[in-house]
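Observations on the three-dimensional arrangement
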Amino acid sequence: MSSLEDVKDQGYGKLLDTHGNEFELPDYTVNDIRNAIPKHCYERSGLRGLSYVARDIASLAATFMIFNKFVTPEYIPSTPVRAVLWAGYTIIQGLFATGLWVMAHECGHQSFSPSKVLNDTTGWICHSMLLVPYFSWKISHGKHHKATGNMERDMVFVPKTRDQYASRIGKFVHELDELTEETPIATIIHSIGQQLLGWPMYLLANVTGHNNHEKQHEGRGVGKKNGYFSGVNHFNPSSPLYEAKDAKLILLSDLGLAIVISVLTSLCKTFGFQNMLVWYFLPYLWVNHWLVAITYLQHTDPTLPHYSGASWNYVRGAAATIDREFGFVGRTLLHGIIETHVLHHYVSTIPFYHADEATEAIKPVMGRHYRSNIEGGSLGFLKSLWTSARWCQWVEPSEGAIGEGKGVFFFRNRNSLGVPPLHIEKGQKI
């Protein structure tokens, strides 16, 4: 049979990722994935989960005490040296606190223990301490898992379409394939803004989440779009991100934040804002940075597809993620959230300490559809922030797509990197 006939038989044409590699739709089932995983990988231990929470909290407390005891004028007379050490303190505490955030993430997925009460109590306390609305996030994050890679329903890092990108930079759609390269400084400014403000913007305005709230089945999304004053946020019980039955949990999340904010306010009055800035708020910004970096790189890569609602299914969406490598920091301090994300999207109730083994078990099933980028280790992970920002600017169908394939989108860019954007005439629809 000719290659042309093969393409026709597939029913979706020739699909090319950003690198130019030919893409095929996954052909296995969720049961294939689940059956390949050893049964003991599904076992959860509340005691073991609590031990990791205790480790993270002890690490935070010990670091705080050591620095406040020894990084003082008495032991280190040089102000510049103390400033450098305290800057290092904010980074270290940011990593330990991100580890604690990940443990609350385990609670939200019920992979922390077999007890829902223990999971939600622990998650609510830990996330509230980090100014995260636990139940509000848990609900929207669960919807992300149910619609990963779905351009119409996904809840996080939904990429811009060609139309949306053109509108953002004030150009027509047909002009994108003719544009000159985006300046590196523009990429840097956008990336810094994303890393500093991405998390609070997501919570406050659903930035990067889908914007199809009209389809909310209770009608609460009618006329609403993502934005700061639209009611589409993680704090409003009437938000179209939620249903009426979720209202009490949203308010409980808000209560957790109110308690922590009142405690922080009291501590600022007692110890001064300058001390609290170093002790809490700067580490908090580092946590935000790591959350955005991790999530962005889990779902943004030149090899990853996205799907229209008609072309999407759960198996395809879960495979539209990628594992990376962050060395000791990722595997130990951050509990493997970077290294085992593909497995996590197929079976989110597997605890992180079994995720490596489960990941190895599903690789033969997924075959070429399992994606990882471990090149360069920890430095490679950080470098990917730049690579993805330059390569992945919007998504569009492949030139050779037919039928169902027209609903499979890949990243393209204006930087002459990888497969060029489609050439379209003025007024032409993609």
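Just so we're clear, the structure is a prediction, and the values are computed from it rather than from any experiment.

About the cut-offs
- Residues numbered from 1 in each chain as written.
- Predicted model: local features only at pLDDT ≥ 70, side-chain atom pairs only at ≥ 80, totals over all residues.
- Heavy atoms only, no water.
- Helix = DSSP H or I, 4+ residues; strand = E, 2+ residues; numbered from the N terminus.
- Expected span 1.5 Å × (residues − 1).
- Buried < 20%, exposed > 50% of the residue type's maximum accessible area, 1.4 Å probe, protein only.
- Contact = heavy atoms within 4.5 Å.
- Pairing = 2+ DSSP bridges.
- Axes fitted to C-alpha atoms, helices over the stretch in contact; angles between N-to-C directions.
- Parallel < 35°, antiparallel > 145°, perpendicular 65-115°, else oblique.
- Left-handed = near helix turned anticlockwise from the far one by under 90°.
- Nonpolar A, V, L, I, M, F, W, Y, C, P; charged D, E, K, R; others polar.
- Core = buried A, V, L, I, M, F, W, Y, C linked by side-chain atoms within 4.5 Å.
- 1 Å grid on protein atoms, 1.4 Å probe; cavity = no way out; pocket = protein on both sides within 12 Å on 5 of 7 lines; lining within 4 Å.
- Points joined across faces, edges and corners; volume = space filled by probe spheres on them.

To continue, consider helix α9 (residues 247-271). Taking 1.5 Å as the rise per residue, α9 with 25 residues should run 36 Å; its terminal C-alpha atoms sit 36 Å apart, in good agreement. Along α9, the residues that are buried comprise Ile 250, Ser 253, Gly 256, Leu 257, Val 260, Leu 264 and Cys 268. In this fold, the buried residues of α9 make contact with α5 (116-129), α6 (134-146) and α10 (273-299). Just past α9, the residue Gly 272 takes up positive phi, approximately 95 degrees.

Spatial ordering of the open sheet is given by β2-β1-β7, a layout of three strands whose pairing is antiparallel. The open sheet terminates on both sides in strands that have one partner only, identified here as β2 (22-23) and β7 (400-401). Here strand β1 (residues 13-16) pairs with β2 via two bridges, running antiparallel. Bridged to Leu 15 within β2 is Phe 23.

So, about the packing of α5 against α9. Where α5 contacts α9, the axes come no closer than 9 Å and their chain directions differ by 45 degrees. In this view, α5 runs oblique relative to α9, as classed from their interaxial angle. Crossing handedness for the pair α5 and α9: right-handed. Residue-level contacts link Trp 124, Ser 128 and Met 129 of α5 to Leu 252, Ser 253, Gly 256, Leu 257, Ile 259 and Val 260 of α9. Of the residues in the contact of α5 with α9, the class split is six nonpolar, three polar and no charged.

An order of β3-β8-β6 is seen for the three strands of this open sheet, with the pairing classed as antiparallel. Strands with a single pairing partner mark the edges of an open sheet, and in this sheet they are β3 (305-307) and β6 (394-397). In this sheet, neighbouring strand axes are inclined to one another by 45 degrees on average, regardless of whether the strands run parallel or antiparallel. Relative to strand β8 (residues 408-412), β3 is paired through three bridges, and the arrangement is antiparallel. Bridge pairing links His 306 to Phe 409 in β8.

Core analysis: the largest hydrophobic core is formed by 63 residues, its most contacted members being Trp 101, Trp 199 and Leu 334. Residue assignment for this core shows that the elements contributing at least two residues are α3 (46-70), α4 (79-108), α6, α8 (184-205), α9, α10, α12 (327-333) and α15 (377-391). In terms of residue count, α10 provides more of this core than any other element does, 12 residues in total. Leave out the neighbours within four places in its chain, and Leu 334 touches Leu 95, Thr 98, Gly 99, Val 102, Ile 294, Phe 326 and Val 329. If you look at the next biggest cluster of nonpolar residues, it comprises 17 residues, including Ile 37, Cys 41, Ala 358 and Tyr 370.

Before going further, it helps to spend a moment on empty space enclosed by the protein. Throughout the structure, instances matching the rule amount to one cavity of 30 Å³ or more. If you go around the largest cavity, you meet 13 residues; those closest to its centre are Glu 106, Ile 337, Thr 340, His 344 and Phe 352. The set of elements that each furnish at least two residues to the lining of the largest cavity consists of α4 and α13 (341-346).

For β8, the tally of buried residues reaches five of five residues, placing the bulk of the element in the interior. The alternating pattern of β8 places Val 408, Phe 410 and Arg 412 on one face and Phe 409 and Phe 411 on the opposite face, and all of these are buried. The pairing of β6 with β8 spans four bridges and is antiparallel. Bridging from a neighbouring strand, Pro 397 pairs with Phe 409 of β8.

On their own, these measurements won't tell you what the molecule is for.
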